[in-house]
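# Report on the structure
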Amino acid sequence: MTMKLVSTVTVGVGGASQINFGSIPQDATDLVVRVSGRGTTTASTATLTFNGVTTTTYSSKWVLGTGSGTSTSSEAAVAAITCQKLVNPSSYTASTFSSGNILILNYAGSTVKSVAIEAVGENNATANGLAVQAGTWSGTAAITGLALTAAWAEGSTISLYTITKGTGGATAA
Amino acid sequence: MATQTYKPLANITLSGSTASVTFSGISQAYRDLVLVSNPVGDAGGYFMACNVNGNYLGAYNTTRVYPSGGTVASVAYAADSYFRLGFSFVDYGPGGHMQLSFMDYSATDKSKPMLWRVGSTGVGPETAAGYWANTAAITSITLSIGGGYNFTAGSTFALYGVAA
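Within every chain, residues take consecutive numbers counted from 1 along the sequence as written. Both sets of labels track the order of writing: A upward for chains, 1 upward for ligands. The model is predicted, so local features are restricted to residues of pLDDT at least 70 and side-chain atom pairs to those at 80 or more, both for listing and for counting; the totals for chains, interfaces and linings are taken over all residues. Remark: hydrogens and water are excluded; side-chain values derive from all non-hydrogen atoms of the structure.

This part takes up the overall build of chain A. Labels follow the DSSP assignment, with helices taken as runs of H or I lasting at least four residues and strands as runs of E lasting at least two, numbered in each case from the N terminus. In terms of regular secondary structure, chain A is built from zero helices and 13 strands. When the helices and strands of chain A are read in sequence order from the N terminus, they spell out β-β-β-β-β-β-β-β-β-β-β-β-β. All radius of gyration figures rest on C-alpha atoms, and the globule criterion is 2.2 Å times the number of residues raised to 0.38. Relative to the compact-globule value of 16 Å for 173 residues, chain A shows a C-alpha radius of gyration of 16 Å, a close match. Its C-alpha atoms give chain A principal-axis dimensions of about 50 × 35 × 30 Å. Between buried and exposed lies partly exposed: a residue is buried under 20% and exposed over 50% of the maximum accessible area for its type, with that area taken using a 1.4 Å probe on protein chains only. When the 173 residues of chain A are sorted by exposure, 47% land in the buried category. Whether two residues are in contact is decided by their heavy atoms: any pair within 4.5 Å suffices. A sequence separation of at least 24 residues applies to 77% of the contacts in chain A between residues at least 6 apart. Working note: accessible area of chain A is about 7,000 Å², and carbon and sulfur atoms make up 54% of it. Computed with the Shrake-Rupley method and a 1.4 Å probe, the accessible areas treat only the protein chains shown as cover for residues.

If you want it as structure tokens, here you go:
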């Protein structure tokens, strides 16, 4: 099966400070993380790390839209990728959750890891946010685990999938 | 057994440099196409082009949104010879990514919409939407870099069909 669910975490009563996926199967091509997230604080970001690595080996750049304007910013050589708008702030309409998608290409390979992130908040008001983000982990090890750290509120759901490319095709010179 | 709805169709992994890669003979059995790539380029300052069916006529229309000098910029191209995607290609790798989607690619009664997402920490994320003003079904997709630049060894391209 091309796109396969590995695991789903649903945050229970009391919330959670970190969502961890470990022992990720190494038999696929790409990883996809789907997030439906809400926080217990007014923060709208979550940090992403791989394999428990928290050295300054991450970078990212993003574009934001808030409904009243746009902005772009970046982070370089930091200890984690700060995923923009991945968490719905506690100040947003009750019982609303962000929607986010994280794609990690060639996660089981031995090259630098590329990360594509898009996320949008949900709020019954003009204040909201949408983010498109490109990130990199300069580690060349295969990704066997990942962690998303935030003040996750009860009801947040994070699912990890693997995508497997076909075995056919060409190796072109 | 459940029907597979996200089907891998073909892959290209480069062992050397090439100015273009092509997926041809694309199955017409799906609703949408998704092309995912981890491209690596040998030089920057030039955009990536996408053509379908070997067609280089002025029927490609693209609107891009991208970060530029600390602000967010947008540009549109109409009646172009290709989908004009991205810029400063050398920053795409290592660590760059691309996702290209064609909706209703096998239809023969509508123009072909396209959504594109590319990014790297050097350039940042860029998104684009466009359409090919032609009702022919898409049977091939070619990605290329102009200006004498190439995709280099290690670049990967994977094509998937999405069933309705």
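Text resumes after the structure shown.
Moving on, we get to the overall build of chain B. Each helix and strand in chain B was counted, giving zero helices and 12 strands. Put simply, chain B runs from its N terminus to its C terminus through helices and strands in the order β-β-β-β-β-β-β-β-β-β-β-β. Relative to its 164 residues, chain B shows a buried fraction of 54%. For chain B, contacts bridging at least 24 residues in sequence account for 72% of all contacts bridging at least 6. Carbon and sulfur atoms make up 52% of the accessible area of chain B, which totals about 6,100 Å².

Moving on: the environment of Ala 76 of chain A. All names here are of chain A. Within the fold, Ala 76 resides in strand 6 (residues 70-78). Since its relative accessible area comes to 60%, Ala 76 is described here as exposed. For the pair Ala 76 and Ser 59, spaced 17 residues apart in sequence, the C-alpha to C-alpha distance is 4.3 Å. The residues touching Ala 76, leaving out its near neighbours within four places in the chain, are Tyr 58 and Ser 59.

Both cavities and pockets are sets of points on a 1 Å grid over the protein atoms alone; in a cavity a 1.4 Å probe fits but cannot get out, in a pocket the set is open with protein on both sides within 12 Å along at least five of seven lines, and lining residues sit with an atom within 4 Å of a point. Grid points are joined across faces, edges and corners, and a volume is the space filled by probe spheres set on the points. Looking at the largest pocket, its volume works out to about 410 Å³. Residue lining of the largest pocket: 20 residues in total, with Asn 101 and Glu 118 of chain A together with Gln 99, Ser 101 and Arg 117 of chain B positioned closest to the centre. Elements supplying a minimum of two residues to the lining of the largest pocket: strand 3 (30-37) and strand 8 (98-104) of chain A together with strand 3 (32-38), strand 8 (97-102), strand 9 (112-120) and strand 10 (124-132) of chain B.

This part covers the sheet that holds strand 6 of chain A. Residue and element names in this part refer to chain A. Spatial strand order, 1-12-3-8-9-10-5-6: eight strands in an open sheet with antiparallel pairing. Of all the strands in the sheet, the pair left with one neighbour each is strand 1 (3-10) and strand 6. Each strand of the sheet is rotated relative to its neighbour by a mean of 15°, with strand direction disregarded. DSSP-based pairing: two strands are paired if at least 2 bridges between them are found. Direction of pairing for strand 8 relative to strand 9 (residues 113-120): antiparallel, over a ladder of six bridges. Counted as the bridge partner of Gly 100 is Ala 119 from strand 9. To get an axis, fit a line to the C-alpha atoms, keeping to the stretch in contact for a helix; angles then go from 0 to 180 degrees between the N-to-C directions.

Residue and element names in this part refer to chain B. Side chains of strand 2 (residues 20-23) alternate between two faces, with Val 21 and Phe 23 buried and Ser 20 and Thr 22 left unburied. As defined by bridge partners, strand 2 adjoins strand 11 (residues 141-145) across four bridges and the pair is classed as antiparallel. Looking across to strand 11, one finds that Thr 22 is bridged to Thr 142.

Listed by partner, the interface residues are 37 residues for chain A and 37 residues for chain B. Buried surface at the junction of chain A and chain B, both sides included, amounts to about 2,700 Å², of which 59% is carbon and sulfur. By buried area we mean the combined loss of accessible area, with a 1.4 Å probe, across both parts when two parts are placed together. Interface area lost by chain A to chain B is led by Thr 2, Lys 61 and Lys 165 of chain A, which between them contribute 17%. A pairing counts as a salt bridge when a side-chain nitrogen of Lys or Arg comes within 4 Å of a carboxyl oxygen of Asp or Glu. Linking chain A to chain B there are one salt bridge. A salt bridge links Glu 118 of chain A to Arg 117 of chain B; its shortest N-O distance comes to 2.7 Å. Two N or O atoms count as a polar contact when they lie within 3.5 Å, although within protein this holds only if one can serve as hydrogen donor and the other as acceptor, and sequence-adjacent residues are included solely when both atoms are side-chain atoms. Taken together, the links from chain A to chain B amount to eight residue pairs in polar contact (both at pLDDT 80 or more). Mapped onto the side of chain A that touches chain B, the elements with two or more residues apiece are strand 5 (58-65), strand 6, strand 9, strand 10 (130-137) and strand 13 (170-172) of chain A.

Here we take up the pairing of strand 12 (residues 157-163) of chain A. All names here are of chain A. The buried fraction of strand 12 is high, at five of seven residues. Where strand 1 and strand 12 come together, seven bridges link them in antiparallel fashion. Note that in strand 12 the partner of Thr 10 across the bridge is Thr 157. Inspection of the sheet shows strand 3 paired to strand 12 by seven bridges, in the antiparallel sense. Bridging from a neighbouring strand, Val 32 pairs with Tyr 161 of strand 12.

Spatial relationships are all this shows, so hold off on functional conclusions.
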